[in-house]
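Here is what each chain is made of, one letter per residue.
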Amino acid sequence: MNIFNMTALQLGEKINKREIGVLEAVKEAVKYIKDTDKKYNAFITVCEEEALGRAEDVQKKINEGKLNGPLAGVPMAVKDNICTSGIKTTCASKMLENFIPAYNAEAIERLYNAGAILLGKLNMDEFAMGSTSETSFFGAVKNPEDTGRSPGGSSGGPAAAVASNEIWYSLGSDTGGSIRQPCSFTGTTGIKPTYGRVSRYGLIAYASSFDQIGPIAKNVSDCAAVLNVISGYDEKDGTSSKSEKGDFLKNLVYGVENMKIGIPREYFEESMDQEVKDAVLNAAKQFEIMGARVEEFSLEAVKYAVPAYYIIASAEASSNLSRYDGIKYGYRAENCKNISELYERSRTDGFGEEVKRRIMLGNFVLSSGYYDAYYNKALRVRNIIKRSFDKAFEKYDIILSPTAPETALKLGESLSDPVKMYSGDIFTVSANLTGLPGMTLPCGRDTAGLPIGLQLIGPAWKESNLIRAGYTFESWSGYREAKR
Ligand code: GLN
């Protein structure tokens, strides 16, 4: 039985019926990772010992009938900015190269309670800043679809580990598209939940008013199952919502007959690959054939989304990252003469170029002379964008767009031109500016054979719309069986 071709829910079912042992699955998976990850560099840490220990424990609970959830015993891994007690959590930075948290992120705690087996920590852009997973202190992640290309970023490791079948699902984080864009580049499926649905407790902060943890998996059903486990109110996160938790597996229903889908005209005026455009418009047509009402509409405010996002995200990042001062924890420069030199050298050596660029940009837009001109203005733009989306959702159940203007980029292609890299986030950042849920799933391939991602955005707390529409589309497209 080849367990690697199974989805997480399929493997979970076999484990539940005791046709496959948890220990056996974990051992096979660890061996596979050790053999193949040299090619992809998706893992920063493989925690074999912890995983084997947990596997025995989970198997015992399954045997005793104490654990019977759909993901019990299924191996997974998480982005290395999600804290794991006793296991290194580096944020792919020299600054946190040897940081071992004393506690688990809430999402990890919930997954453990559901019987998940953590196999390791996944590579990413340093502090989740980037779109290609090339800014990692531990080297670039390679796309399993084509190892000369980037798997996207910043959750490149979580996407590559799923796309290569090294694991059955992963957790990523999405501040401006970092779950959705890597899914688009690797042919995987992911959800950025509504802001406040998944606790940020234990997620190392990049830009706190945007950050959300979410699942990356082989298909919509697996994403729904993972989201079920990780979502829900948590008093340890001040922005966690008490809104109803829901059961997303109930939204795996075929049919979009009563759905109204809007396509923002402005998105298609942006420069993008013709093949991406064709595949996404084709997907829209397919939704129409399946019975949805699809129409174009104007969403002018999105033109300002990228600058507003980069101003606010950098401002928040500069504040969040001020805690890395070489004193409390993390990298500390040696042989410093005084405290100022200690701060300066620890931060200069501990952070990479892109992180430093964001800190400088953030400090600039927050400085007294420029606060109103940039930061305050960006906040106002954020509000305008939010209102335009709210208005659109009075009419539509879903907004459909590409996830990224291009398919997977060649490694090294975008690092030299940060502004070009930032503009590639045009389709994803609005969901973070507004807090809305977004999903990416594959909708085709270009002539080079690279996957193309389709993005669905829903009204706040309506992940149900995305899951239902995504499930229906996927049942038609068959992409969940896509060759990897
Ligand atoms: N590419 C975006 C950035 O660099 C998004 C990153 C993210 O979502 N973590 O900020």
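Residues numbered from 1 in each chain as written. Predicted model: local features only at pLDDT ≥ 70, side-chain atom pairs only at ≥ 80, totals over all residues. Heavy atoms only, no water.

Some points on the overall build of the protein chain
Part 1 of the argument: Along its length, the protein chain carries 16 helices and 11 strands.
Part 2 of the argument: Against the globule reference of 23 Å for 484 residues, the protein chain gives a C-alpha radius of gyration of 21 Å, in line with a compact fold.
Part 3 of the argument: Projected onto its principal axes, the C-alpha positions of the protein chain cover 65 × 55 × 45 Å.
Part 4 of the argument: Counting over 484 residues, the protein chain shows a buried share of 62%.
Part 5 of the argument: Put simply, of all contacts in the protein chain between residues at least 6 apart along the chain, 76% involve residues at least 24 apart.
Part 6 of the argument: When the 58 positive and 61 negative side-chain charges of the protein chain are each reduced to one mean point, those points stand 2 Å apart. (Helix = DSSP H or I, 4+ residues; strand = E, 2+ residues; numbered from the N terminus. Rg over C-alpha atoms; globule rule 2.2 N^0.38 Å. Buried < 20%, exposed > 50% of the residue type's maximum accessible area, 1.4 Å probe, protein only. Contact = heavy atoms within 4.5 Å. Lys, Arg positive; Asp, Glu negative; His and termini not counted. Charge placed at Lys NZ, Arg CZ, Asp CG, Glu CD.)

Here's the deal with the sheet that holds strand β11 (residues 451-457)
Part 1 of the argument: If you trace the 11 strands from one edge of the open sheet to the other, you get β1-β3-β2-β4-β6-β5-β10-β11-β9-β7-β8, paired in mixed fashion. On the outer flanks of this sheet lie β1 (43-46) and β8 (293-297), each paired with one strand and no other. In this sheet, neighbouring strand axes are inclined to one another by 30 degrees on average, regardless of whether the strands run parallel or antiparallel.
Part 2 of the argument: Bridge count for strand β10 (residues 438-445) against β11 is 7 bridges, and the pairing is antiparallel. If you follow glycine 444 over to β11, its bridge partner there is isoleucine 452. (Pairing = 2+ DSSP bridges. Axes fitted to C-alpha atoms, helices over the stretch in contact; angles between N-to-C directions.)

Topic: the site of the ligand
Part 1 of the argument: Taken together, 15 residues form the shell around the ligand, and within it Thr175, Gly176, Ser178, Tyr206 and Tyr309 come nearest.
Part 2 of the argument: At 2.9 Å, a backbone N or O of alanine 128 approaches a nitrogen atom of the ligand.
Part 3 of the argument: Contact distances for the ligand include 2.9 Å between a nitrogen atom and a side-chain N or O atom of serine 131.
Part 4 of the argument: Burial of the ligand by the surrounding chains reaches 100%, relative to a free accessible area of 290 Å². (Near = heavy atom within 4 Å. Polar contact = N/O pair within 3.5 Å; in protein donor to acceptor, adjacent residues only side chain to side chain. Areas by Shrake-Rupley, 256 points an atom, 1.4 Å probe, with all protein chains shown as cover.)

Overview of the pairing of β10
Part 1 of the argument: Of all 8 residues making up β10, 7 are buried, and the element is well covered by its neighbours.
Part 2 of the argument: Sheet topology note: the strand β5 (residues 189-192)/β10 ladder contains 3 bridges and is antiparallel. Residue pairing for β10: lysine 192 is matched across the bridge by glycine 438.
Part 3 of the argument: As consecutive antiparallel partners, β10 and β11 are separated by 5 residues, and within that stretch glycine 449 has a phi angle of approximately 90 degrees, a positive value.

Here we look at the pattern of salt bridges
Part 1 of the argument: Summed over all chains, the structure comprises 25 salt bridges.
Part 2 of the argument: A salt bridge links aspartate 247 to lysine 250, with the nearest nitrogen and oxygen atoms 3.9 Å apart.
Part 3 of the argument: Accessibility expressed as a relative area gives 33% for aspartate 247, which makes it partly exposed.
Part 4 of the argument: Take lysine 250: its relative accessible area is 63%, and that puts it in the exposed class.
Part 5 of the argument: Here arginine 265 makes a salt bridge to glutamate 296, at a shortest N to O gap of 2.8 Å. Residue arginine 265 is located in helix α8 (residues 265-269), and its partner glutamate 296 is located in strand β8; the two are separated by 31 residues in the primary sequence.
Part 6 of the argument: A relative accessible area of 36% means that arginine 265 is categorised as partly exposed. (Salt bridge = Lys/Arg side-chain N within 4 Å of Asp/Glu carboxyl O.)

Considerations on empty space enclosed by the protein
Part 1 of the argument: All told, the structure shown has 3 cavities of 30 Å³ or more when counted by the stated rule.
Part 2 of the argument: Of the volumes computed, that of the largest cavity is approximately 110 Å³.
Part 3 of the argument: For the largest cavity, the lining is made up of 16 residues, of which Gly130, Gly176, Ser178, Tyr309 and Asp425 are closest to its centre. (1 Å grid on protein atoms, 1.4 Å probe; cavity = no way out; pocket = protein on both sides within 12 Å on 5 of 7 lines; lining within 4 Å. Points joined across faces, edges and corners; volume = space filled by probe spheres on them.)

Here's the deal with the layout of surface pockets
Part 1 of the argument: Estimated volume of the largest pocket: approximately 360 Å³.
Part 2 of the argument: Around the largest pocket, the lining comprises 21 residues; the ones closest to its centre are Pro405, Glu406, Lys420, Ser423 and Gly424.
Part 3 of the argument: Going through the elements one at a time, α6 (180-186) and α14 (418-423) are the ones with two or more residues in the lining of the largest pocket.
Part 4 of the argument: If you tally residues by element for the lining of the largest pocket, the top one is α14, at 3 residues.

What to know about the side chain of arginine 382
Part 1 of the argument: With respect to the secondary-structure elements, arginine 382 resides in helix α13 (residues 371-395).
Part 2 of the argument: Despite its burial, arginine 382 pairs with no opposite charge; the closest candidate is glutamate 316, at 4.3 Å N-O.
Part 3 of the argument: Once you skip the residues sitting within four places of it in the chain, arginine 382 turns out to touch Ser209, Phe210, Ile312, Glu316, Asn432 and Leu433.

Examining helix α4 (residues 106-113)
Part 1 of the argument: Counting buried positions over the 8 residues of α4 gives 6, a clear majority of the element.
Part 2 of the argument: If you check which residues of α4 are buried, you get Glu106, Ala107, Ile108, Arg110, Leu111 and Tyr112.
Part 3 of the argument: If you follow the buried residues of α4, they end up packed against α3 (48-63), β2 (75-79), β3 (117-122), β4 (169-174), β6 (212-217) and α7 (220-230).

Looking at the confidence of the model for the protein chain
Part 1 of the argument: Per-chain confidence: the protein chain averages 96 in pLDDT, with 99% of residues scoring 70 or above.
Part 2 of the argument: In this model residues 480-484 is a low-confidence stretch, pLDDT under 50, and it forms 14 contacts with partners more than four residues away in sequence or in other chains. (pLDDT = per-residue confidence, 0-100.)

Quick word on the packing of aromatic side chains
Part 1 of the argument: Taken as a whole and assessed by the stated rule, the structure comprises 21 aromatic pairs.
Part 2 of the argument: Centre to centre, the rings of tyrosine 309 and tyrosine 310 are 4.8 Å apart; their planes meet at 85 degrees, and the pair counts as edge-to-face. The pair tyrosine 309 / tyrosine 310 is uniform in exposure class, with both members buried.
Part 3 of the argument: Within the aromatic cluster, the residues linked to one another by ring pairs are Phe99, Phe127, Tyr324, Tyr329 and Phe351.
Part 4 of the argument: The lysine or arginine in question, lysine 94, covers the ring of tyrosine 331, its NZ or CZ lying 4.9 Å from the ring centre.
Part 5 of the argument: Across the ring face of phenylalanine 210, the terminal group of arginine 382 is positioned such that the distance to the ring centre comes to 4.3 Å. (Phe/Tyr/Trp six-rings, centres within 6.5 Å; stacked < 30°, edge-to-face > 60°. Lys NZ or Arg CZ within 6 Å of the ring centre and 35° of its normal.)

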